[in-house]
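# Coordinates in review
Given next are the chains, with one letter for each unit.
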Amino acid sequence: FHAFLIYPQKTMAERRGNIDAEIKARVTGRGGMYEGVDVRASLLWNNRNDLDLHVITPAGEHIYYGAKQASCGGWLDVDMNVRGETTKPVENVRWAKGKAPAGRYKVFVRNYAFHESDRAPTPWKVEIETGGVIRHVEGVISPAGQTGDASDMIVAELDYAPDAAKREADEA
């Protein structure tokens, strides 16, 4: 006899929901803030490499593993895989509700170090929330084995206006 499996097809909305749920579970499971934010960027990947999430604030402050809190209220509250301790890491930068300043934010991913012996490129997903709107960006970092700033991948440059976000929330 022939055995085969039929996998149910998922819609894009269902796949996004699964990504949202996984990111939320990883962020909150590590003590990070997922809900109640004005601006949030969460990075997810699935190996032991040490990817880092970086955010440049509207005032030009750089939030990353070496400067986890900015004077404007931004905070890298989850930083994982410094030593390659898990295959389900996440990083999270966020501003609590009412704290994010208006202006342009720049989000990028860096491969700080390989902890996997094959040094293969690492697929990643970033979820960005601004004013209650969530979007996803996916990529693959270090296709030629780059680390440090040579591996930087811009995820997004976005503008946040607290007054516009509040008006949209009030209208919803």
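Anything mentioned here points back to the structure above.
For clarity, every value in this text was computed on a predicted model and none was experimentally measured. (Residues numbered from 1 in each chain as written. Predicted model: local features only at pLDDT ≥ 70, side-chain atom pairs only at ≥ 80, totals over all residues. Heavy atoms only, no water.)

### Considerations on the overall build of the chain
Let me state the cut-off plainly: Under the DSSP-based scheme used, a helix requires at least four consecutive residues in state H or I and a strand at least two consecutive residues in state E, with every element numbered from the N terminus. Under the scheme applied here, a residue whose accessible area is under 20% of the maximum for its type counts as buried, over 50% as exposed, and between as partly exposed, the area being computed with a 1.4 Å probe on protein chains only. With residues, only the protein chains shown are counted as cover, and all accessible areas are computed by Shrake-Rupley using a 1.4 Å probe.
The helix and strand inventory of the chain stands at 2 helices and 9 strands. The N-to-C order of helical and strand elements in the chain reads α-β-β-β-β-β-β-β-β-β-α. In the chain, which comprises 172 residues, the proportion classed as buried is 39%. Summed over all atoms, the accessible surface of the chain reaches about 9500 Å², with 51% contributed by carbon and sulfur.

### So, the sheet that holds strand 1 (residues 37–45)
Consider a sheet: its strands pair through backbone hydrogen bonds, and that pairing is either parallel or antiparallel. The following threshold applies: What makes two strands pair is DSSP finding at least two bridges between them. To get an axis, a line is fitted to the C-alpha atoms, and for a helix only the part in contact is used. The angle between two axes follows their N-to-C directions and goes from 0 to 180 degrees.
In spatial order, the strands read 4-5-1-7-8; together these 5 strands make up an open sheet with antiparallel pairing. The open sheet has two edge strands with one neighbour each: strand 4 (75–78) and strand 8 (133–141). Neighbour to neighbour, the strand axes of the sheet diverge by 20° on average, direction disregarded. Across 7 bridges, strand 1 lies against strand 7 (residues 122–130) in antiparallel orientation.

### Quick notes on the environment of D149
Of note, D149 is situated in the loop between strand 8 and strand 9 (153–160). A sequence separation of 38 residues divides D149 from N111, and the C-alpha atoms of the two residues are 8.1 Å apart.

### Digging into the pattern of salt bridges
For clarity, the cut-off: Criterion for a salt bridge: a side-chain nitrogen of Lys or Arg within 4 Å of a carboxyl oxygen of Asp or Glu.
Following the criterion strictly, the structure yields 9 salt bridges and no others. As a salt-bridge pair, K24 and E35 come within 2.9 Å of each other at their nearest N and O atoms. Taken together, the residues span a long stretch of sequence, with K24 in helix 1 (residues 12–29) and E35 in the loop between helix 1 and strand 1 at a distance of 11 residues. By relative accessible area, which is 51% here, E35 ends up exposed. Across the salt bridge formed by R40 and E129, the nearest N and O atoms sit 3.2 Å from each other. Taken as a pair, R40 in strand 1 and E129 in strand 7 lie far apart in primary sequence, 89 residues in all. Here R40 and E129 have matching classes, each one buried.

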